[in-house]
Amino acid sequence: SQQGEEDPQALSIQEGENATMNCSYKTSINNLQWYRQNSGRGLVHLILIRSNEREKHSGRLRVTLDTSKKSSSLLITASRAADTASYFCATDVGNRDDKIIFGKGTRLHILP
Amino acid sequence: SAVISQKPSRDICQRGTSLTIQCQVDSQVTMMFWYRQQPGQSLTLIATANQGSEATYESGFVIDKFPISRPNLTFSTLTVSNMSPEDSSIYLCSVELRAGGGYGYTFGSGTRLTVV
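Let us look at the structure shown here. (Residues numbered from 1 in each chain as written. Chains lettered and ligands numbered in written order. Predicted model: local features only at pLDDT ≥ 70, side-chain atom pairs only at ≥ 80, totals over all residues. Heavy atoms only, no water.)

## Focus: the interface of chain B and chain A
Taken together, the 23 residues of chain B in the interface contact 21 residues of chain A. In this assembly, chain B packs against chain A so that about 1700 Å² is buried in total across both faces, 48% of it on carbon and sulfur atoms. Interface area lost by chain B to chain A is led by S42(B), Y105(B) and F107(B), which between them contribute 27%. Here chain B and chain A share one salt bridge between them. (Contact = heavy atoms within 4.5 Å. Buried area = accessible area lost by both parts, 1.4 Å probe. Salt bridge = Lys/Arg side-chain N within 4 Å of Asp/Glu carboxyl O.)

Next up, the structure:
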């Protein structure tokens, strides 16, 4: 069953602009993760934010988590052509520590 | 973090045949995970493979269709059996980034399967 839902489904922005993607989920979580997938290849783990954290940074990435709204956002600042990819959020399943559920993803396209 | 080598990267197969996908990890890991990503869709967990025991399959996936081997702590295979065009997907293996869980996962580069 779907847990995370990304929004928007697709996003096109000019190189240098900031890109913001959102993820909403339904049940309580221990952590939320963001992944990048280039051209249908393997996923790359970007960042994990725990339920007791509100914001996390990694390079040009900024992730926020609002557990009261059951939502998270991924901000990519100063976008580059290489950021063109699909971005997925994933949440753990409450009673299992080995399973995560992925959202449908946001396809980000950086225009030159 | 662990590095995964997955192969083949892609294949085109005839319906009714089987394909075995391999994942080799550069370190010992307890659990390996197999996912399917249908065209334009998200990832769905097929099964979790522990060394020395049978894989645990998620709802909608059965061992006869997706037999899994886990002969040691660094290797696993997923076989897609008796393939039909509906099996055309990307298949990915995954392991935890760090032992103990709660740190995220790393993925193989995926196997793009087309069944004709």
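## Thoughts on the state of the cysteines
Summed over all chains, the structure comprises two disulfides over all chains. Covalently, C23(A) is tied to C89(A) through a disulfide, its sulfur atoms 2.0 Å apart. In this structure, the disulfide formed by C23(A) and C89(A) twists by about 65 degrees around the S-S bond and is classed as right-handed. Of the two residues, C23(A) sits in strand 3 (residues 19-24) while C89(A) sits in strand 9 (residues 85-93), which places them 66 residues apart along the sequence. Classification of C23(A) as buried rests on a relative accessible area of 1%. Linked covalently through their sulfurs, C23(B) and C93(B) form a disulfide whose S-S length is 1.8 Å. In this structure the cystine formed by C23(B) and C93(B) twists about its S-S bond by roughly -90 degrees; its chirality is therefore left-handed. (Disulfide = S-S within 2.5 Å. Helix = DSSP H or I, 4+ residues; strand = E, 2+ residues; numbered from the N terminus. Buried < 20%, exposed > 50% of the residue type's maximum accessible area, 1.4 Å probe, protein only.)

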